[in-house]
Amino acid sequence: MKFIIAPSILAADFAHLSREIDKIQQMPNSWVHLDIMDAHFVPNLSFGVPVIKSIRSITPLPFDAHLMVDNPEFFFSPLKDAGVNYITFHIEQTNVPLKLIRKIKNLGLKAGISLKPATPISEVENILPYVDILLVMSVEPGFSGQKFINSSLQKIEKAKEIRESKKLHYLISVDGGINNKTAVDVLKAGADILVMGSYFFKNPFKVVKAQIEKLIESNF
Ligand code: DX5
Ligand code: ZN
């Protein structure tokens, strides 16, 4: 399968958001990754439903929401109304993950589960049959621009192994510290979706586009 690029607008220039979204649109196979933070689950505050609603009107790309908030379920319905397609929440944030997955699916959306770097995959193994995305955090959630944590590679490999052995279908997404070099490693380990914040938005677009096209040609 061809991999998906999901630039995270957390690292974008908010003064020129439509220009930044246009960069994402110029990439093949791309989604918009939306990091929603409430300064409780993570020590940072990002943006919410009104911003998402506004950008929904300028692009048809899939919207991939990553919830880093207390009470993630409060946001499911407003996010659906704002035009989000995928909602991913953190396993560390709930004791009733299956209930939350059901809620997301009942809204007609796709559901994802995410793991912080220190959370082992065994914590979500029993719910993997019910999710569309497994989001492996390769940095501590909260901020763009952190260094990729290498032990995430084993987690991605394990996620792929479980998917194969149990004949499951979730996409493996990797989030944090992805650039043209770490992308090669995570793709080899089995990632399907590359979330990219600072690498995508903080480098000259021409360079990033050429590097990603090269990655696509290397045919992972
Ligand atoms: C961190 C976010 C990431 C972040 C990625 O909590 O979930 O999506 O924006 O940014 P980079 O690619 O700069 O690590
Ligand atoms: Zn994210």
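Details of the structure are given in the entry above.
First, a word on what this report is: a plain description of the structure on this page. Treat the numbers as computed from the prediction; the structure is a model and nothing was measured. (Residues numbered from 1 in each chain as written. Chains lettered and ligands numbered in written order. Predicted model: local features only at pLDDT ≥ 70, side-chain atom pairs only at ≥ 80, totals over all residues. Heavy atoms only, no water.)

### Thoughts on the overall build of the protein chain
Then step 1. Across its full length, the protein chain holds 8 helices and 8 strands.
Then step 2. In terms of C-alpha radius of gyration, the protein chain reaches 16 Å, essentially the compact-globule figure of 17 Å for 220 residues.
Then step 3. For the protein chain, the spread of C-alpha atoms along the three principal axes comes to 45 × 35 × 30 Å.
Then step 4. Residue burial in the protein chain is summarised as follows: out of 220 residues, 54% are buried.
Then step 5. For the protein chain, the proportion of contacts with a sequence separation of at least 24, taken over those separated by at least 6, is 63%.
Then step 6. Accessible surface for the protein chain amounts to roughly 10,000 Å². Of this, 51% is attributable to carbon and sulfur atoms.
Then step 7. Distance between charge centres in the protein chain, computed from 25 positive and 22 negative side chains, equals 4 Å. (Helix = DSSP H or I, 4+ residues; strand = E, 2+ residues; numbered from the N terminus. Rg over C-alpha atoms; globule rule 2.2 N^0.38 Å. Buried < 20%, exposed > 50% of the residue type's maximum accessible area, 1.4 Å probe, protein only. Contact = heavy atoms within 4.5 Å. Areas by Shrake-Rupley, 256 points an atom, 1.4 Å probe, with all protein chains shown as cover. Lys, Arg positive; Asp, Glu negative; His and termini not counted. Charge placed at Lys NZ, Arg CZ, Asp CG, Glu CD.)

### Points about the pairing of strand 3 (residues 63-68)
Then step 1. For strand 3, the tally of buried residues reaches 6 of 6 residues, placing the bulk of the element in the interior.
Then step 2. Residues Phe63, Ala65 and Leu67 of strand 3 are buried on one face, and the alternating residues Asp64, His66 and Met68, pointing to the opposite face, are buried as well.
Then step 3. Inspection of the sheet shows strand 2 (residues 32-37) paired to strand 3 by 6 bridges, in the parallel sense. Residue valine 32 lies in a different strand from strand 3, and its bridge partner there is phenylalanine 63.
Then step 4. Taken together, strand 2, helix 2 (residues 49-56) and strand 3 constitute a β-α-β crossover, and its handedness is right-handed.
Then step 5. Of the pairings in the sheet, the one linking strand 3 to strand 4 (residues 86-90) comprises 3 bridges and is parallel in character. Within strand 4, the residue paired with aspartate 64 across the bridge is tyrosine 86.
Then step 6. In terms of handedness, the path from strand 3 via helix 3 (residues 76-82) over to strand 4 forms a crossover that is right-handed. (Pairing = 2+ DSSP bridges. Right-handed = clockwise from strand over helix to strand, strands pointing away.)

### Comments concerning the nonpolar core
Then step 1. Judged by nonpolar contacts, the single largest core of 66 residues is most densely connected at Ile9 and Leu134.
Then step 2. Formed by 9 residues, the second largest nonpolar core is a distinct cluster that contains Ile4, Ala6, Leu135 and Ile193. (Core = buried A, V, L, I, M, F, W, Y, C linked by side-chain atoms within 4.5 Å.)

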